[in-house]
Structures are given as structure tokens and as C-alpha cells.
Amino acid sequence: KLQKDLQEVIDLTQDLLTAQPSDGASTTNGSEAAPVKHSWKVGNRCMAQWSQDGQVYEAEIEEIDRENGTAAVTSSGYGNAEVIPL
């Protein structure tokens, strides 16, 4: 179980890193966000930054508000819940 969970964290981290624009990348006007490469769904596991300490933790998506571009997530290890930007 631990090996499976760790592999999932590694895979999610790799997805997150590949979704990040490279340092040399730029957009047409500099203020546009990079295109989203992941279609998040309720029940997906993800890595989410907790607002209290700025650290990234494994979490599960409980609810998605596409209109506002946010998701309600619950931290897998601690049970903390909050709404974060997609």
C-alpha cells in the first residue's frame, strides 16, 4: 500500500512539474495563464498547497467549481479541507 501511494505521489509530482511553464517560456502578453493540461475530476488525488504553511500536501478533490476555477480538497494525511484554485 505504501509503495502504491508513494508511486502515485511521484506520478502526481511529475504531472505537476510537466504542467509548469519553463523559466524561458512566455505568453503573448505576459499575463495569460499557462493552458491547463489536466482535467480534474471529483475523487482525483492531487498535490495541493495548504494556505496555513504554504507547503504542498497530497489531497483528494471533493468538489469542483469550474465557474470560479476552484476546487474543495481534503488533505489525505491530515484531513484538513479548504478551497483552492484549480
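Up top is the structure.
Before going into details, it helps to say that this report is about the structure given with it. Just so we're clear, the structure is a prediction, and the values are computed from it rather than from any experiment.

## What to know about the pairing of strand 3 (residues 70–75)
Now for step 1: Summarising the sheet, strand 2 (residues 56–65) and strand 3 pair through 6 bridges and their orientation is antiparallel. Residue pairing in the sheet places alanine 59 in a bridge with serine 75 of strand 3.
Now for step 2: Between strand 2 and strand 3, which follow one another and run antiparallel, lie 4 residues, and glycine 69 among them has a positive phi close to 70°.
Now for step 3: Pairing of strand 3 with strand 4 (residues 81–85) involves 5 bridges; the strand directions are antiparallel. In the sheet register, threonine 70 faces strand 4, and the bridge partner there is proline 85.

## Description of the packing of aromatic side chains
Now for step 1: Per the stated rule, a full pass over the model turns up 1 aromatic pair.
Now for step 2: When the centroid spacing of 5.5 Å and the interplanar angle of 80° are considered together, the rings of tyrosine 57 and tyrosine 78 count as edge-to-face. Taken together, the residues tyrosine 57 in strand 2 and tyrosine 78 in the loop between strand 3 and strand 4 connect sequence positions 21 residues apart.
Now for step 3: Residue classification places tyrosine 78 among the exposed residues on the basis of a relative accessible area of 60%.

Rules and cut-offs
Residues numbered from 1 in each chain as written. Predicted model: local features only at pLDDT ≥ 70, side-chain atom pairs only at ≥ 80, totals over all residues. Heavy atoms only, no water. Pairing = 2+ DSSP bridges. Helix = DSSP H or I, 4+ residues; strand = E, 2+ residues; numbered from the N terminus. Phe/Tyr/Trp six-rings, centres within 6.5 Å; stacked < 30°, edge-to-face > 60°. Buried < 20%, exposed > 50% of the residue type's maximum accessible area, 1.4 Å probe, protein only.

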